[in-house]
Amino acid sequence: MMNKRGFTILELLISILLISIVLLLLLRVMMSLETINHDTSYASDDEIRRTEIIKNVEESFLDSSLNGLRIDSLNDKTVLTFLMDEEQTLEIYQDHLVFQEEVYSLESKNATYSSCAEYKYFDLDEDYYFITITIPVLIDGVNTTSRDDLIFSYLGLKNEFTSYPDDTTC
Amino acid sequence: MKRGFALLETIIVITFVTVSLMLLYGTFTSLIEKKEENILYDDVSNIYQMYYLKEYLSLYGLEEVNTKKHVELTCDDFSISTCSSFMEQMSLEHLYLVSYGLKDYDGMSTSLRRYLSSLSNKEDYDYWLVGEFYIEDAYHYASIGVMHDE
């Protein structure tokens, strides 16, 4: 006997229900992907280099006891001078940094370093202070997230030579 | 024969498609979790902040705090007048002292549990000093090992 029947309403409802569940799960995945989308614009090479720069600068703070800071804005670069046992500079150009004669270039085509380094001094007590220095990373000229920024911090013991400028914000 | 699909056939096809999509979902989810771990866990700048914080709190008796499991440290545990604003300066929302290699995560938030289970516990410390940073609407975590008699 020829069977000409198509879907019944029940079959359709069950099918739609199952497909909806699957699509909802996929939607959740897509939304999660959206939240981590920014990383595609900041190359993984730059993430590794960011870690390397922060580590090298922090290690030099710890090895040579940071005791002060100077920030100079020049034509094409901003220079952070770290006053330590021996002065060291971190030169910030749009597409690269220079620290201890080593050049750290940005790999991402649309990423640049901001010339405006943010710096904050925090007085902890009469003996100790804490500072943070932030070099913003711009994607297409905008600082979309602080996760890419270079953030250096330091806990210091005050002495007669301690010398820090006023806070700077961008 | 011109008959359409039977319910059984439709369900079999949908089950097959669902299983395939679920497998894809599982793969994507684990990739996303890994990526989130890279972004939210142990950022190098947060690790150095935790290091300095540990050094500073050591002056105020951090190593004397004793716990078998985990304890949330608050500004009341240390006689530091600038404690709250210092934590705010670092975007540090919560601070925990967690017994090294702890597997019992009772009473902890899901995000903290996930972070602790990602730690390697290969070194020989007594505690983890774990910082929960709230940055750009997301919890970031970083930790540093603490020796009790350090």
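About the thresholds
Residues numbered from 1 in each chain as written. Chains lettered and ligands numbered in written order. Predicted model: local features only at pLDDT ≥ 70, side-chain atom pairs only at ≥ 80, totals over all residues. Helix = DSSP H or I, 4+ residues; strand = E, 2+ residues; numbered from the N terminus. Rg over C-alpha atoms; globule rule 2.2 N^0.38 Å. Buried ≥ 20, exposed ≤ 12 C-beta atoms within 10 Å, placed from the backbone. Domains from an automatic or database assignment. Pairing = 2+ DSSP bridges. Contact = placed C-beta atoms within 7 Å. Core = buried A, V, L, I, M, F, W, Y, C linked by C-beta atoms within 7 Å. Axes fitted to C-alpha atoms, helices over the stretch in contact; angles between N-to-C directions. Arc of directions from axis to C-beta. Expected span 1.5 Å × (residues − 1). Parallel < 35°, antiparallel > 145°, perpendicular 65-115°, else oblique. Nonpolar A, V, L, I, M, F, W, Y, C, P; charged D, E, K, R; others polar. pLDDT = per-residue confidence, 0-100.

### Brief notes about the overall build of chain B
Next up, step 1: Within chain B one finds four helices and four strands.
Next up, step 2: Taking 2.2 N^0.38 as the reference for a compact globule, 150 residues should give roughly 15 Å; the C-alpha atoms of chain B span a radius of gyration of 23 Å, well beyond that estimate.
Next up, step 3: Seen through its C-alpha atoms, chain B measures out along the principal axes to roughly 85 × 30 × 25 Å.
Next up, step 4: Here chain B, with 150 residues, has 24% of them falling under the buried criterion.

### Things to note about the domain arrangement of chain B
Next up, step 1: Domains assigned within chain B are domain 1 (1-40) and domain 2 (42-146).
Next up, step 2: For domain 1 of chain B versus domain 2 of chain B, the separation of C-alpha centres amounts to 39 Å.

### A closer look at the pairing of strand β3 (residues 88-92) of chain A
Moving residue by residue along a regular strand, the side chains alternate between the two faces of the sheet.
Residues and elements named next belong to chain A.
Next up, step 1: Pairing between strand β2 (residues 78-83) and β3: five bridges, direction antiparallel. Bridge assignment links Leu80 to a residue of β3, and that residue is Leu90.
Next up, step 2: Here β2 hands over to β3 after four residues, the two strands then running antiparallel side by side.
Next up, step 3: Pairing between β3 and strand β4 (residues 96-99): three bridges, direction antiparallel. Residue pairing in the sheet places Ile92 in a bridge with Leu97 of β4.
Next up, step 4: If you look at the hairpin formed by β3 and β4, you'll find three residues sitting between the two strands.

### Structural notes on the environment of Met108 of chain B
All names here are of chain B.
Next up, step 1: When you line up the elements, Met108 lands in the loop between β2 (92-99) and α4 (110-118).
Next up, step 2: Here Met108 falls in the partly exposed class, since 18 other C-beta atoms lie within 10 Å of it.
Next up, step 3: In this structure, Met108 is in contact with His70 and Arg113, ignoring residues within four places of it in sequence.

### Topic: the nonpolar core
Inside soluble globular proteins, nonpolar side chains tend to come together where they are buried.
Next up, step 1: Counting residues in each nonpolar core, the largest one holds 51 residues, and the members touching the most others are Phe152 and Tyr154 of chain A together with Val98 and Leu129 of chain B.
Next up, step 2: Not counting residues within four places of it along the chain, the set of residues in contact with Tyr154 of chain A comprises Phe61, Leu66 and Ile131 of chain A together with Tyr52 of chain B.

### Here we look at the sheet that holds strand β3 (residues 127-135) of chain B
Sheet strands associate in pairs through backbone hydrogen bonding, adopting either a parallel or an antiparallel arrangement.
All names here are of chain B.
Next up, step 1: Taken in spatial order, the four strands of this open sheet run β1-β2-β3-β4, and their pairing is antiparallel. The sheet terminates laterally at β1 (70-73) and β4 (138-146), the two strands that pair on one side only. The mean angle between the axes of side-by-side strands here comes to 25°, regardless of whether they run parallel or antiparallel.
Next up, step 2: Relative to β2, β1 is paired through four bridges, and the arrangement is antiparallel.

### Points about α4 of chain B
What sets the pattern is the α-helix's 3.6 residues per turn: residues three or four places apart point alike.
All names here are of chain B.
Next up, step 1: Leu112, Tyr115 and Leu116 are the residues of α4 that are buried. Summarising the axial view, the buried residues of α4 lie within an arc of 95°, below the 170-degree limit, and thus occupy one face. Exposed side chains of α4 directed beyond 90 degrees from the buried face belong to Thr110 and Ser117.

### Digging into helix α2 (residues 44-58) of chain B
Next up, step 1: The end-to-end C-alpha distance of α2 of chain B is 21 Å, a good match for the 21 Å that 15 residues give at a rise of 1.5 Å each.
Next up, step 2: Within the span of α2 of chain B, buried status applies to Ser45, Asn46, Tyr48, Gln49, Met50, Tyr52, Leu53 and Leu57 of chain B.
Next up, step 3: Here the buried face of α2 of chain B lies against α2 (44-64), β8 (128-135) and β10 (150-157) of chain A together with β3 and β4 of chain B.

### Side note on the sheet that holds β2 of chain A
Residue and element names in this part refer to chain A.
Next up, step 1: In spatial order, the strands read β1-β2-β3-β4-β5; together these five strands make up an open sheet with antiparallel pairing. The two strands at the open ends of the sheet, each matched to only one other strand, are β1 (68-73) and β5 (102-105). Taking the axes of each pair of neighbouring strands and ignoring which way they run, one obtains an average angle of 15° across the sheet.
Next up, step 2: Running over the sheet, α2 touches β3, β4 and β5 and is turned about 25° from β4.

### Regarding unusual backbone geometry
All names here are of chain A.
Next up, step 1: In the Ramachandran plot, Glu101 falls in the positive-phi region, its phi being about 65° despite a non-glycine side chain.
Next up, step 2: Turning to its location among the elements, Glu101 is positioned in the loop between β4 and β5.
Next up, step 3: Even without being glycine, Asp140 reaches a positive phi, approximately 50°.
Next up, step 4: Tracing the chain through its elements places Asp140 in the loop between β9 (137-139) and β10.

### Looking at the packing of α2 of chain A against α2 of chain B
Next up, step 1: α2 of chain B packs onto α2 of chain A with a crossing angle of 25° between their chain directions and a minimal axis gap of 9 Å. Accordingly, the angle class assigned to the pair α2 of chain A and α2 of chain B is roughly parallel. In this structure, α2 of chain A contributes Thr51, Ile54, Lys55 and Glu58 of chain A to the contact, and α2 of chain B contributes Val44, Ser45 and Tyr48 of chain B.
Next up, step 2: Residue composition of the contact of α2 of chain A with α2 of chain B, by class: three nonpolar, two polar and two charged.

### Quick notes on the confidence of the model for chain B
All names here are of chain B.
Next up, step 1: Of all residues in chain B, 95% have pLDDT values of 70 or greater, and the mean over the chain is 85.
Next up, step 2: At the level of individual helices and strands, chain B shows its lowest average pLDDT in helix α1 (residues 7-40), which scores 80, and its highest in α2, which scores 94.
Next up, step 3: Scoring the predicted complex yields pTM 0.80 and, for the interface, ipTM 0.79.

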